[in-house]
Amino acid sequence: MAVLKIVKYPEKVLETPTEEVTKFDDELKKLVADMFETMYAAPGVGLAAPQVGVSKRVFVMDCSGGKDPAQKIAMINPRVVMKEGEQTGEEGCLSFPGIYFLVMRAMRAVVRAQDVDGKEFEVDGMELTARCMLHEKDHLDGVLFIERTSPLKREMVKRRIRKLIKAGDW
Ligand code: NI
């Protein structure tokens, strides 16, 4: 396993819709293992393939931060089959280090996906689990969390990042 380099905004791969996974081979298993390693090292609770420069429909998550093996989940070709309710909470993203703001998401989400062997499964998640699945699923469509806030807030965040880049602190 290896810790991969995390791609930061505004790299293009982050805003490019990803490709469906069709081969459930050793290369995919290695990618998933490396993504878990990278997520735990960051540390973070979710990581999508484009964030390590791979434009494929793959994300990993663990809302327990490594404490509960049942929450260590890799989702391949996920699709949201149901959403309900609302929650507003602070969100961050490993491609936006140090940047957090309030994002409204569904309170509950049911996501169907394939595992590394291609077997279908479903996660019915509430609160942080729902937020995490929806944030990571967005990444696979090339949608970043700055798109889930107001235009004003988005411009403030972008301006802050431009300043950080200019100062060499990004
Ligand atoms: Ni993210």
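For the structure, check the block above.
All of the points below concern the structure found in this document.

**Some thoughts on the coordination of the nickel ion**
Working reference: metal with six octahedral donors, ideal angles 90 or 180 degrees; metal with four tetrahedral donors, ideal angle 109.5 degrees.
Turning to step 1, where the next piece is worked out: At this site the nickel ion is bound by Cys93 (SG), His135 (NE2) and His139 (NE2), with donor distances of 2.1 to 2.3 Å.
Turning to step 2, where the next piece is worked out: Ordering the donors of the nickel ion by residue number gives the pattern C-x41-H-x3-H. With Cys93 in the loop between strand E4 (87-91) and strand E5 (101-105) and His135 in helix H2 (residues 127-140), this pair connects stretches of sequence that are 42 residues apart.
Turning to step 3, where the next piece is worked out: The class of Cys93 is buried, set by a relative accessible area of 9%.

**Observations regarding the sheet that holds strand E3 (residues 73-84)**
Turning to step 1, where the next piece is worked out: Taken in spatial order, the five strands of this open sheet run E1-E2-E3-E6-E7, and their pairing is antiparallel. On the outer flanks of this sheet lie strand E1 (46-48) and strand E7 (120-126), each paired with one strand and no other. Put simply, the sheet's adjacent strands are angled 35° from each other on average, direction ignored.
Turning to step 2, where the next piece is worked out: With three bridges joining them, E1 and strand E2 (residues 58-61) adopt antiparallel strand pairing. Within the sheet, the bridge partner assigned to Leu47 lies in E2 and is Val60.
Turning to step 3, where the next piece is worked out: In the packing of helix H1 (residues 26-41) onto the sheet, the strands contacted are E1, E2 and E3, and the crossing angle to E2 comes to about 40°.

**What to know about helix H3 (residues 151-166)**
Turning to step 1, where the next piece is worked out: The terminal C-alpha atoms of H3 lie 22 Å apart, and with 16 residues this matches the ideal 22 Å at 1.5 Å per residue to within 8%.
Turning to step 2, where the next piece is worked out: Restricting attention to buried positions, one finds in H3 the residues Arg154, Val157 and Ile161. Here the buried residues of H3 occupy an arc of 65° about the axis, which is enough to place them on one side. Structural note: H3 exposes Leu152, Lys163 and Lys166 on the side pointing more than 90 degrees away from its buried face.
Turning to step 3, where the next piece is worked out: Where H3 is buried, its residues contact E5.

**Comments concerning the nonpolar core**
Turning to step 1, where the next piece is worked out: Counting 16 residues, the largest nonpolar core has Phe59, Met61, Ile73, Met75, Ala109, Val123 and Met133 as the members making the most contacts within it.
Turning to step 2, where the next piece is worked out: Counting residues per element, this core draws most heavily on H2, at five residues.
Turning to step 3, where the next piece is worked out: Residues in contact with Met61, not counting those within four places in the same chain, are Phe36, Met39, Val45, Gly46, Gln71, Lys72, Ile73, Thr129, Cys132 and Met133.

**As for the packing of aromatic side chains**
Turning to step 1, where the next piece is worked out: According to the stated counting rule, one finds four aromatic pairs in the structure shown.
Turning to step 2, where the next piece is worked out: With a centroid separation of 4.9 Å and 25° between ring planes, the pair formed by Tyr9 and Phe96 is classed as stacked. Separated by 87 residues along the polypeptide, Tyr9 in the segment before H1 and Phe96 in the loop between E4 and E5 bring together distant segments of the chain. Take Tyr9 and Phe96: they sit in the same class, and that class is buried.
Turning to step 3, where the next piece is worked out: Seen in terms of ring centroids, Phe36 and Tyr40 are 6.2 Å apart; in terms of plane orientation they differ by 20°. Their pairing is stacked. One end of the pair is Phe36 and the other is Tyr40, both in helix H1 and four residues apart, which spans about a single turn.
Turning to step 4, where the next piece is worked out: A residue is classified by how much of its surface remains accessible, and Phe36, at 8% relative accessible area, is buried.
Turning to step 5, where the next piece is worked out: Following the ring pairs from residue to residue traces out a cluster consisting of Tyr9, Phe96, Phe101 and Phe145.
Turning to step 6, where the next piece is worked out: For Lys8, the ring lying beneath its charged end belongs to Trp170, and the centroid distance is 5.9 Å.
Turning to step 7, where the next piece is worked out: A cation sits over an aromatic face here: Lys72 above Phe36, 4.7 Å from the ring centre.

The rules behind each value
- Residues numbered from 1 in each chain as written.
- Predicted model: local features only at pLDDT ≥ 70, side-chain atom pairs only at ≥ 80, totals over all residues.
- Heavy atoms only, no water.
- Donors = N, O, S within 2.8 Å, 3.2 Å for Na, K, Ca; no water.
- Helix = DSSP H or I, 4+ residues; strand = E, 2+ residues; numbered from the N terminus.
- Buried < 20%, exposed > 50% of the residue type's maximum accessible area, 1.4 Å probe, protein only.
- Pairing = 2+ DSSP bridges.
- Axes fitted to C-alpha atoms, helices over the stretch in contact; angles between N-to-C directions.
- Contact = heavy atoms within 4.5 Å.
- Expected span 1.5 Å × (residues − 1).
- Arc of directions from axis to C-beta.
- Core = buried A, V, L, I, M, F, W, Y, C linked by side-chain atoms within 4.5 Å.
- Phe/Tyr/Trp six-rings, centres within 6.5 Å; stacked < 30°, edge-to-face > 60°.
- Lys NZ or Arg CZ within 6 Å of the ring centre and 35° of its normal.

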